[in-house]
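# Tertiary structure, described
These are the residues of each chain, in order.
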Amino acid sequence: MRNLSIDWLKFFLAICVIFLHLDIFRTRIPELGFILCNGLFRTAVPIFLIITGYYFVNVNNIQQLKTWIARIGVLYLIWMLIYSPIWLKSSSNILFTVVTGYHHLWYLVSSIFAGIILFVCRNLSFPKLFISAVSLFIIGSTIQFIGKLHILNHNVDLIFNELSSYRNFLFLCFPFLTIGFLINKFNVEKYFKPQFYLIILSILLLIFESYLYFKYVDSNEGFDFLFSLIATCPLIFLYVKNLKIQGSSKNIATIATGIYLVHPYIIELSQYLTRQEVGYHFGQAGVLCLTALTTALLVLLNKKIKFLL
């Protein structure tokens, strides 16, 4: 038996990522859309990383690390190939795209680099690893924040606003991967079980920070980093992890992975057909339905091609 609470959390987060990339409500209710897409939905990737880090504690030697890297690496290469008709056409620097990952696939390749660093540092004490993780996250958040203010000279401002300058393996993936690793290694969930009111307070803090960005920083740009994510995401993970939903199937987790991997293709397809004016207009509901159908087919295909999801 396995605890399905984390699987259901991954499923919910995958749906959040779809809504984020659809930029839901931004045209109809800009303030709400911003708070969702640059606030609540931004918890998805950090929590995914915490989950990955939680199970990374089982990587104890070089051979296990190689197996872990190979598993993610093959997944990354397969999906980079699947998306190649899109990024080969749009990329101005193909090598850079291959190294950093197309669109949402940056998560996979950055997780590999972050995992290598964590493996090297895994025997450090809890305080050293925790302080390192939080410090790197704050550095990344600060780079993004200063960049969005556009107060630096033009050349430096361009660097600070380059997505890969802060949303990368060092400033985002390593911190949250490490937090998940520490939670498991030091049995944090056994000694600290956050109450529901604490989850609500942390989410309200996240919403408030997002609202401040909308009101006083820049309402037209996206924010991958919010300072409060470093508290909100671990709290949500710990709360859900302590919920006991028993089951034996891994299908929910596999479906969540499929949704995350395939949904940009569906969005791209819907946009392409709409631009062609051939009578197709998917809409957000259509994207969700087609993503669900495609994911179901991928889950079936994955039984034959094990590294597809």
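Anyway, here's the lowdown on the structure attached to this text. Predicted model only: the values in this text are computed from it and were never measured.

Glancing now at the packing of helix α13 (residues 196–217) against helix α14 (residues 229–241). Running from amino to carboxyl end, α13 crosses α14 at an angle of 150°, the nearest separation of the two axes being 9 Å. Of the possible angle classes, the one that applies to α13 and α14 is roughly antiparallel. Helix-helix and strand crossings are classified by hand; for α13 and α14 the assignment is left-handed. Within the contact between the two elements, α13 uses F196, L198, I199, S202, I203 and L206 and α14 uses L229, T232, L235, I236 and Y239. Broken down by class, the residue content of the contact of α13 with α14 amounts to 9 nonpolar, 2 polar and no charged.

This model, assessed by the stated rule, comprises 25 aromatic pairs. Summarising the aromatic geometry, the rings of F34 and F214 are spaced 5.3 Å apart at their centres and angled 55° between planes, so their arrangement reads as tilted. A residue pair is termed long-range when its members are at least 10 positions apart, and F34 in helix α2 (residues 30–37) and F214 in helix α13 qualify at 180 residues. On the basis of relative accessibility, which here comes to 17%, the residue F214 falls in the buried class. Each ring, one from F137 and one from F176, has its centre 5.3 Å from the other, and the planes form 80°; the classification is edge-to-face. Taken as a pair, F137 in helix α8 (residues 126–149) and F176 in helix α11 (residues 169–185) lie far apart in primary sequence, 39 residues in all. Considered together, F137 and F176 belong to a single accessibility category, that of buried residues.

Moving on to the pattern of salt bridges. Using the criterion set out here, one finds 5 salt bridges in the structure. Ionic pairing is found between D224 and R42, a salt bridge with its closest N-O pair at 3.1 Å. Of the two residues, D224 sits in the loop between α13 and α14 while R42 sits in the loop between α2 and α3 (44–56), which places them 182 residues apart along the sequence. We note that D224, like R42, is buried. A salt bridge links R167 to D224, with the nearest nitrogen and oxygen atoms 3.8 Å apart.

Thresholds, definitions, all that
- Residues numbered from 1 in each chain as written.
- Predicted model: local features only at pLDDT ≥ 70, side-chain atom pairs only at ≥ 80, totals over all residues.
- Heavy atoms only, no water.
- Axes fitted to C-alpha atoms, helices over the stretch in contact; angles between N-to-C directions.
- Helix = DSSP H or I, 4+ residues; strand = E, 2+ residues; numbered from the N terminus.
- Parallel < 35°, antiparallel > 145°, perpendicular 65-115°, else oblique.
- Left-handed = near helix turned anticlockwise from the far one by under 90°.
- Contact = heavy atoms within 4.5 Å.
- Nonpolar A, V, L, I, M, F, W, Y, C, P; charged D, E, K, R; others polar.
- Phe/Tyr/Trp six-rings, centres within 6.5 Å; stacked < 30°, edge-to-face > 60°.
- Buried < 20%, exposed > 50% of the residue type's maximum accessible area, 1.4 Å probe, protein only.
- Salt bridge = Lys/Arg side-chain N within 4 Å of Asp/Glu carboxyl O.

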